[in-house]
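Residue strings, one per chain:
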Amino acid sequence: MNSPSTDSRPKRLLSLDALRGFDMFWIAGGENIFHSLAEATGWTGAILMAEQLSHPEWNGFRAYDLIFPLFLFLAGVSTPFSLGRRMEQGADRSQLLRKIIQRGLTLVLLGIIYNNGLEIKPLSEMRFPSVLARIGLAGMFAQIIYLYFSTKAQYIWFVSLLLGYWAFVMLVPVPGCGAGHMTMECNPVSYLDHLIIPGHLHKGIHDPEGLFSTFPAIATGLLGIFAGNLLHADERSTSRQQKTLYLFVVGIAFLVLGKLWDYVFPINKNLWTSSFVLFVGGWSLVLLSIFYWIIDVQNWNRWAWVLAVIGMNSILIYMSDSFFDFHYTSEHLFVGIVKYFSEPFQKVFYSIGFVVVEWLVLYFLYKKKVFLKV
């Protein structure tokens, strides 16, 4: 007779789904609310918020730069709760490897469809790099490292990826430019991507989701795995309060380290620089600690399902905006109310309506337990 399990590890974290939903809210239309609000009102707060919800031209950091790496980080956090649990149950590693590779390549394919649709185009008109491909490839390699290497070796991989990428960007010369330059025209990442990647790049000579900047993105996925290992740990050895404190303190330390490294290796999302990995990793850890403490430690979670509805179908809502016209639905659904407001404020209410329509679709799928899982 099997003895009852005494493992006090958490089975699922509502905070993880809620934080993923919070992350996806901004690219599912949340940012348009503040852009239209700034345009309609001219309020200083709305203008500052709208500015933060845009990307800098090249170097630098704004809040909008956190959305993509936070999603990749959270995919790493979930790894010990999914892949790790199957490993603990004795699942065959070769089968897990096949599943990991299948998921990674599926996301690459979905990214190609997202960029190009199902239309057959000349090769020169197709864009192959994508957000989904970056998530698929970086997440895939991070999970392979998790699958086959010890925790100590995973830390070595993390540090080596960051230092190796730094050396690569600063030491590899670009024809006609030399070494050590980080402009769009003269960095080795853009140069080699332009040589190797078929089709066209997003910015002509550079693609922010290119091949070589995927390597430091693996470190972002690994950092999420490290956080997931902590949260998945038996609560008899590490309490929830201790986990919260560890996440927050390490997050602050990463913010400081990333900012210091910025002086010699600028924070740059386009190149996914090592300083960018540390800086956005620090914000990711801080946000995770806050959501975890509020939702899973203090159990102030009655509101969290509103965000979890988005977070549990994140890939679906990301893909759907390219194939379904939620703007059309929003305009026709709310026109009877919105027409009484001036034109600038109509944009605000239509932006809100867009998010409401998307959320209602996701809520319907949530109630029916329909989730797009890759």
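Please read these numbers as outputs of a predicted model, since none were measured by experiment. (Residues numbered from 1 in each chain as written. Predicted model: local features only at pLDDT ≥ 70, side-chain atom pairs only at ≥ 80, totals over all residues. Heavy atoms only, no water.)

If you tally the helices and strands in the protein, you get 14 helices and zero strands. Computed over its C-alpha atoms, the radius of gyration of the protein comes to 22 Å, within 12% of the 21 Å expected for a compact globule of 374 residues. Principal-axis analysis of the C-alpha atoms gives the protein an extent of 65 × 65 × 45 Å. Counting contacts in the protein only where the partners sit at least 6 residues apart, residues at least 24 apart contribute 72% of the total. Taken as a whole, the protein presents about 18400 Å² of accessible surface, with 65% of it coming from carbon and sulfur. One finds the centroid of the 28 positive side-chain charges in the protein at a distance of 11 Å from the centroid of its 25 negative side-chain charges. (Helix = DSSP H or I, 4+ residues; strand = E, 2+ residues; numbered from the N terminus. Rg over C-alpha atoms; globule rule 2.2 N^0.38 Å. Contact = heavy atoms within 4.5 Å. Areas by Shrake-Rupley, 256 points an atom, 1.4 Å probe, with all protein chains shown as cover. Lys, Arg positive; Asp, Glu negative; His and termini not counted. Charge placed at Lys NZ, Arg CZ, Asp CG, Glu CD.)

Turning next to the packing of helix 3 (residues 67–88) against helix 4 (residues 93–116). One can describe the packing of helix 3 onto helix 4 by two numbers: an axis separation of 10 Å at closest approach and a directional angle of 165°. The angle between helix 3 and helix 4 places the two elements in the roughly antiparallel class. Here the hand of the crossing between helix 3 and helix 4 comes out right-handed. On helix 4, the residues touching Leu 83, Arg 86 and Met 87 of helix 3 are Arg 93, Leu 96, Lys 99 and Ile 100. Looking at the contact of helix 3 with helix 4, its residues break down into four nonpolar, no polar and three charged. (Axes fitted to C-alpha atoms, helices over the stretch in contact; angles between N-to-C directions. Parallel < 35°, antiparallel > 145°, perpendicular 65-115°, else oblique. Left-handed = near helix turned anticlockwise from the far one by under 90°. Nonpolar A, V, L, I, M, F, W, Y, C, P; charged D, E, K, R; others polar.)

Judged by nonpolar contacts, the single largest core of 81 residues is most densely connected at Phe 73, Val 77, Phe 158, Leu 222, Leu 231 and Leu 288. With 13 residues, the single largest contributor to this core is helix 10 (residues 274–297). Beyond its immediate stretch of four places on either side in the chain, Val 77 contacts Leu 16, Gly 224, Ile 225, Ala 227, Gly 228, Leu 231 and Leu 288. Listed in part, the six residues of the second largest apolar core include Ala 38, Ala 46, Ala 50 and Val 348. (Core = buried A, V, L, I, M, F, W, Y, C linked by side-chain atoms within 4.5 Å. Buried < 20%, exposed > 50% of the residue type's maximum accessible area, 1.4 Å probe, protein only.)

The next thing to look at is the state of the cysteines. One pass over the structure, following the stated rule, counts one disulfide. For Cys 177, the disulfide goes to Cys 186, at an S-S distance of 2.1 Å. Residues Cys 177 and Cys 186 share a disulfide whose torsion about the S-S bond is about -55°; that sign makes it left-handed. By relative accessible area, which is 17% here, Cys 186 ends up buried. (Disulfide = S-S within 2.5 Å.)

It is worth spelling out helix 14 (residues 343–367) at this point. In this model, helix 14 (25 residues) spans 36 Å end to end at C-alpha, consistent with the 36 Å of a helix rising 1.5 Å per residue. For helix 14, the full list of buried residues reads Val 348, Tyr 350, Ser 351, Gly 353, Phe 354, Val 355, Val 357, Glu 358, Trp 359, Leu 362 and Leu 365. Directly after helix 14, the chain includes Lys 369, whose backbone phi takes a positive value near 60°. (Expected span 1.5 Å × (residues − 1).)

Along the chain, Glu 358 falls in helix 14. At 16 Å, Arg 20 is the nearest oppositely charged side chain to Glu 358, a buried residue that forms no salt bridge. Aside from chain neighbours lying at most four places away, what touches Glu 358 is Ala 28, Gly 29, Ile 317 and Phe 326. (Salt bridge = Lys/Arg side-chain N within 4 Å of Asp/Glu carboxyl O.)

In this section: the pattern of salt bridges. What the rule picks out here adds up to six salt bridges. Between Glu 39 and Lys 347 there is a salt bridge, with its nearest N and O atoms 3.3 Å apart. With a gap of 308 residues between them, Glu 39 in helix 1 (residues 14–41) and Lys 347 in helix 14 connect regions that are remote in the sequence. Taking the relative accessible area as the measure of exposure, Glu 39 reaches 56% and is therefore exposed. Residue Arg 127 is joined to Glu 209 by a salt bridge in which the shortest nitrogen-to-oxygen separation is 2.8 Å.

The next thing to look at is helix 9 (residues 240–261). In this model, helix 9 (22 residues) spans 31 Å end to end at C-alpha, consistent with the 32 Å of a helix rising 1.5 Å per residue. For helix 9, every residue scored as buried is listed here: Lys 243, Thr 244, Leu 247, Gly 251, Phe 254, Leu 255, Gly 258 and Trp 261. Projected onto a plane normal to the axis of helix 9, the buried residues spread over an arc of 135° and lie on a single side. Looking at helix 9, the residues exposed on the side facing more than 90 degrees away from the buried face are Gln 241 and Leu 260. (Arc of directions from axis to C-beta.)

As far as function goes, none of this settles anything; it's purely spatial.
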